[in-house]
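Here is how the chains run, residue by residue.
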Amino acid sequence: MMKKVSCFLVLLCLLLISVGCSNGQQPIVSGSDDEVELTISAAASLTDALNELKTSFESEHSTITLSFNPGGSGKLAQQIEQGAPSDVFLSASKIDMDKLQEGNLLLEDTRIDFATNELVLITNKEKPFNLSSFEDIDSATIDHFAIGESESVPVGRYSKEVLETLKLWEPLQSKLVLSSDVRQVLTHVEMGNADIGVVYASDALISDKVKVVATAKPEWHDQIVYPGAVIADSKHPEEAKAFLAFLAGEQGKEILKKYGFK
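Only a predicted model underlies this, so the values are computations on that prediction, with no experimental measurement involved. (Residues numbered from 1 in each chain as written. Predicted model: local features only at pLDDT ≥ 70, side-chain atom pairs only at ≥ 80, totals over all residues. Heavy atoms only, no water.)

Asks: Would you explain the overall build of the protein chain in this entry?
Replies: The helix and strand inventory of the protein chain stands at nine helices and 10 strands. Split by element, the accessible area of the protein chain, about 14,000 Å² in all, is 51% carbon and sulfur. (Helix = DSSP H or I, 4+ residues; strand = E, 2+ residues; numbered from the N terminus. Areas by Shrake-Rupley, 256 points an atom, 1.4 Å probe, with all protein chains shown as cover.)

Below is the structure:
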C-alpha cells in the first residue's frame, strides 16, 4: 500500500512540473541572481566621477555591472531617439533631457536633477595666454579659441550664451575651434592647439596641464544642471532606478563633489 502511495505522489509531482512548463513558467532556482549589465549614456564631463562611482556601486550591487557610453549630451540624446540601447541617460543640460521626455522616451517619474556645475576659462600652464577674465577676451590677439559645438554640446551652448552676452560671439567666429564634447575642448588646450578654451569647473579640476583664469558669472548663461533618468525601453528598469538612487544618495554626492560638481 505504501509503495502505491509513494508512486502516486511521484507521478503527481511530475505531472505538476509538466503542467507548469506547458504554461510557459520556468522553475524557480532558489538563491539564483541573474547578472545585469546597465548601459549608462552619460555626458563626457561626468567620466572621471562615474569611473569612481562605478567601483562603489558595483561593490554594493554584486550582480550589476555598469557600462558607460560617454559623449556630448545632444548626440547621446539623438542616439537614444534612434533606438540605441541604453538604460540610463545622464545629461549636462535640461534641453537634451526635455527632448527625450517630450518624446515619451523616459520611464515615468524617474527623472532627477543630481548635480550642477560652473563654466570656466582655461589656458595652458606651460604656454599661458595673458588673460584674467572673460571680458578681457580680444579677438585680435587670439588665434585659436576652443569651445564645444553649440548645437549639440551643452558646454558649447553655454559658451555661446556667455560670448553673446559679452558681444564676442560674432567677432570670434574665425577663431573658434569647435569640439565634439567638453573633454575635446580640454585636450585642445592641454596640447597647446588652442590659446584658451571654455570647460566646466569639474573638467579643469582633473587636469594638471591647464589653469583657470576666470569663472563665468551665472547670469551670463542658463543654469548648468545635470538631469538623469531611466530610459523607457530599458530591459532592467529596477536596476537602473537603483543606480540613479545611488547617484543621488550620500555616496554619489560625495564622489561628485570630489570631482568638482556641486
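This is not the end of the story, as more comes after the structure.
Asks: Help me out: how do you make sense of the packing of helix α2 (residues 47-60) against helix α8 (residues 237-248) in this one?
Replies: Packed helices, taken two at a time, are described by the angle their axes make and the gap between the axes. Viewed as axis vectors pointing N to C, α2 and α8 meet at an angle of 120 degrees, and their least axial separation amounts to 11 Å. The angle between α2 and α8 places the two elements in the oblique class. With respect to the hand of their crossing, α2 and α8 are arranged in right-handed fashion. Every residue of α8 that contacts α2 at L50, L53, S56, F57 and E60 is listed here: A242, F243, F246 and L247. Tallied by class, residues from the contact of α2 with α8 come to seven nonpolar, one polar and one charged. (Axes fitted to C-alpha atoms, helices over the stretch in contact; angles between N-to-C directions. Parallel < 35°, antiparallel > 145°, perpendicular 65-115°, else oblique. Left-handed = near helix turned anticlockwise from the far one by under 90°. Contact = heavy atoms within 4.5 Å. Nonpolar A, V, L, I, M, F, W, Y, C, P; charged D, E, K, R; others polar.)

Asks: What is the right way to look at the pattern of salt bridges in this model?
Replies: Where charged atoms of side chains with opposite charge meet at close range, the side chains can pair. Tallying each qualifying case throughout the model produces seven salt bridges. A salt bridge links D48 to R183, with the shortest nitrogen-to-oxygen separation between them at 2.7 Å. With D48 in helix α2 and R183 in helix α6 (residues 182-190), the pair connects residues that are 135 residues apart, well separated along the chain. You can call D48 partly exposed: its relative accessible area is 25%. We note a salt bridge from K54 to E58, for which the minimum N-O separation is 2.7 Å. With a gap of four residues between them, K54 and E58 both fall in helix α2, about one helical turn apart. When its relative accessible area of 24% is taken as the criterion, K54 is described as partly exposed. What makes E58 partly exposed here is its relative accessible area of 23%. (Salt bridge = Lys/Arg side-chain N within 4 Å of Asp/Glu carboxyl O. Buried < 20%, exposed > 50% of the residue type's maximum accessible area, 1.4 Å probe, protein only.)

Asks: Any chance you could explain helix α5 (residues 154-165) here in plain terms?
Replies: Helical geometry: 3.6 residues make up each α-helical turn, so side chains three or four residues apart lie on a common side. Between its first and last C-alpha atoms α5 spans 17 Å; for 12 residues at 1.5 Å apiece the expected length is 16 Å, and the two agree. With nine of its 12 residues buried, α5 lies for the most part within the structure. Taken as a whole, α5 has its buried residues at P154, V155, G156, R157, Y158, S159, E161, V162 and L163. After α5 finishes, the residue K167 shows a positive phi value of roughly 60 degrees. (Expected span 1.5 Å × (residues − 1).)

Asks: Just to check I follow, could you spell out the pairing of strand β2 (residues 64-71) for this structure?
Replies: Working note: regular strand, side chains alternate between the two faces of the sheet. Where strand β1 (residues 36-43) and β2 come together, eight bridges link them in parallel fashion. Counted as the bridge partner of T39 is S67 from β2. Between β1 and its parallel partner β2, the chain crosses via α2, and the hand of that crossover is right-handed. (Pairing = 2+ DSSP bridges. Right-handed = clockwise from strand over helix to strand, strands pointing away.)

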